[in-house]
Amino acid sequence: MSAPHPAPAHPEVCDFTVFGGSGDLALRKLLPALYLRDREGHLPDDTRIIGVTRSDLDDDGYRALVADALTTYVAPGLLDDESISRLLVRVHHVRLDVLDHDDWHHLHGLLKDRPRHDDAVRVFYLAVAPGLFGPICRRLDEIGAADANARVVMEKPVGHDLASAQAINDAVGSVFEESQIFRIDHYLGKESVQNLLVTRFANTFLEPLWNFRWVDHVQITVAESLGVGERGGYYDHAGALRDMVQNHLLQLLCLVAMEPPTYVGRETVRDEKLKVLQALRPMAADDVDRDTVRGRYGVGLVDGQPVASYAEELGHDDSTTETFVALRAEVQNWRWAGVPFYLRTGKRMDRRTSEIVVVFKEPPHAMFPHSEGVTQPNSLHIQVQPDEGMRLHLTAKEPGPGGYRLRPVSLDLSYATAFDQASPDAYERLLMDVMKGNPTLFMRRDEVEAAWTWIEPILTRWATSPDRPLRYAAGTSGPTAAATLIERDGRTWQESDQ
Ligand code: BG6
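Residues numbered from 1 in each chain as written. Predicted model: local features only at pLDDT ≥ 70, side-chain atom pairs only at ≥ 80, totals over all residues. Heavy atoms only, no water.

S.K.: Tell me about the site of the ligand, residues and numbers included.
M.R.: Inspection of the region around the ligand gives K156, H186, Y187, K190, E224, R231, D243, M244, H248, K347, R352 and Q385 as its neighbouring residues. With respect to the ligand, the side chain of K190 contributes an N or O atom lying 2.6 Å from an oxygen atom. At 3.4 Å from an oxygen atom of the ligand is found a side-chain nitrogen or oxygen belonging to R352. Burial of the ligand by the protein amounts to 81% of the accessible area it has alone, namely 400 Å². It is helix α9 (residues 240-257) that contributes the most residues to the shell around the ligand, three residues altogether. (Near = heavy atom within 4 Å. Polar contact = N/O pair within 3.5 Å; in protein donor to acceptor, adjacent residues only side chain to side chain. Areas by Shrake-Rupley, 256 points an atom, 1.4 Å probe, with all protein chains shown as cover. Helix = DSSP H or I, 4+ residues; strand = E, 2+ residues; numbered from the N terminus.)

Printed below as a string of structure tokens:
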């Protein structure tokens, strides 16, 4: 059976409005992504980009800001005057305090004032604090902009916990249909993450092994070498569990663990991911104590340079926010019964790497003499970033006489070499999908809420526990308790250069 509703191949003419138009996300990610797609000829003529900010800028002032952002955030080899000018012509600015009722007529006027394509799609990208999602949608409705042609894009975090996520989803859902709501998890736009689906389901050799019979355990690591820097204000209210695990790491887990959908369609993939989230074994308080570790970076050396501690970056030491999480999860279903999924993520770690490692079971019988302890179980390493690729660790015979001397070896696939081209940024793909109206790579309401449902007992236990996050030195792989968490089960974290 093939997809009954293929997404349109090209983005539709649209008014792409960015609330938070001068914010970090807009300048660093959204406008460069739009520029790069426009440079490839993917933005239809007459598409407009409207930056909404609280500044007293005119169109030219905002265009100067955008031009500056492009020069800063787009690789020099991809910048050219013709493409920059083409993008800037599309750019407009609206000064608007979204909570001021009277301010909205500027936006209303601009949206109505469309010389051609008065049926253009309207995208409203909410790159603002989640508390504003509901009020903005209500006003869009009141000015008549939230019609059937409108789509709204929400940046994470959608909420702070289950109740606040539900409140946001209710508020936005009272104006827009679910099919008009695009909740971004930018990890889903990464080429290597999409390739997970292809690796699993466009090949046959893995599927017979991809279950509790042959998989010993799965590790998912998303490590960053950067600290929180200027984002302390946001981050200290979030922490690594909300900022990374609730969304990015659980989405990766879903793609590793999900069943094959009948076809890749706008609901089918999300249906399967939802089932994984619903199958996660709920954690009681003592499970949280046993199966989770939280940490917070102190001072240390990253790339040989001394870096400040989290407390120093924040300016005080009263916070109990975690910058590192390691945990052990289980997916309670037929395929994964008894297989642990170890997840870890942290800031200021020894390197930036995101990797999924599927470790297979040992052969049932050691038939080669002296091979015990020499061989390693097979493992498949899926490198999400920075160098996208895949490595299969095998055991081979060392060449030459002298009997069977076994050695670990690896089969390496580097996407950069195989495809001889750099992968586009995740936002390029995701923004185009919004303009095409394809929600497959966006999180549906039930997925977001199922993820919060699983996370919430951990949040609750941590909030009531007298323990504080464990200290780890910046530039390391996190607190030693994270190693103990997995070693307790007779396993070890597989570091990316192993
Ligand atoms: C964001 C988090 O969602 O993802 C950040 O809010 C984090 O804290 C970032 O740094 C990591 O994204 P990437 O694409 O650099 O791995």
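S.K.: Just give me the short version of the packing of aromatic side chains, but keep the residues and values in it.
M.R.: A ring pair, where both rings are aromatic, is described by two values, the distance of the centres and the angle of the planes. Applying the stated criterion to the full structure yields twelve aromatic pairs. Measuring from ring centre to ring centre gives 5.8 Å for F19 and W104, while their planes differ by 35°; the resulting arrangement is tilted. On the criterion of sequence distance, the pair formed by F19 in strand β1 (residues 14-19) and W104 in the loop between β3 (91-95) and α4 (105-112) is long-range, its members being 85 residues apart. For the pair shown, F19 and W104 are each scored as buried. By way of ring pairs, the aromatic residues Y235, Y297, Y310, F324 and Y472 are connected into one cluster. (Phe/Tyr/Trp six-rings, centres within 6.5 Å; stacked < 30°, edge-to-face > 60°. Buried < 20%, exposed > 50% of the residue type's maximum accessible area, 1.4 Å probe, protein only.)

S.K.: So what's going on with the packing of helix α5 (residues 133-142) against helix α6 (residues 162-173)? Which residues, and what values?
M.R.: Packed helices, taken two at a time, are described by the angle between their axes plus the distance between the axes. Across the interface, α5 lies against α6 with an axial gap of 8 Å and an inter-helix angle of 5°. With respect to their mutual orientation, α5 and α6 come out roughly parallel. Of α6, the residues touching α5 (which contributes F133, G134, C137 and R138) are I168, A171 and V172. Counted by class, the contact of α5 with α6 contains five nonpolar, one polar and one charged residues. (Axes fitted to C-alpha atoms, helices over the stretch in contact; angles between N-to-C directions. Parallel < 35°, antiparallel > 145°, perpendicular 65-115°, else oblique. Contact = heavy atoms within 4.5 Å. Nonpolar A, V, L, I, M, F, W, Y, C, P; charged D, E, K, R; others polar.)

S.K.: Can you break down the packing of helix α1 (residues 24-39) against helix α3 (residues 81-90) residue by residue, with the values?
M.R.: At a minimum axis distance of 9 Å, the contact between α1 and α3 shows a crossing angle of 120°. Taken together, α1 and α3 sit at an angle that is classed as oblique. Where α1 crosses over α3, the two elements pack in a sense that is right-handed. Contact with α1, carried on its side by L31, L34, Y35, D38 and R39, involves S83, I84, R86, L87 and R90 of α3 and no other residues of that element. Of the residues assigned to the contact of α1 with α3, the class counts are five nonpolar, one polar and four charged. (Left-handed = near helix turned anticlockwise from the far one by under 90°.)

S.K.: Can you explain the nonpolar core? Please cite residues and give values.
M.R.: As a rule of thumb, nonpolar side chains are buried together in soluble globular proteins. Membership of the largest hydrophobic core comes to 141 residues, with the highest contact counts inside it found for F19, L107, Y125, L140, F176, F341 and I356. With twelve residues, the top contributor of residues to this core is α9. Excluding its chain neighbours within four sequence positions, the residues that come into contact with F341 are V218, L253, V256, A257, L327, R328, A329, V331 and W336. (Core = buried A, V, L, I, M, F, W, Y, C linked by side-chain atoms within 4.5 Å.)

No statement about biological role is implied by the geometric values presented.
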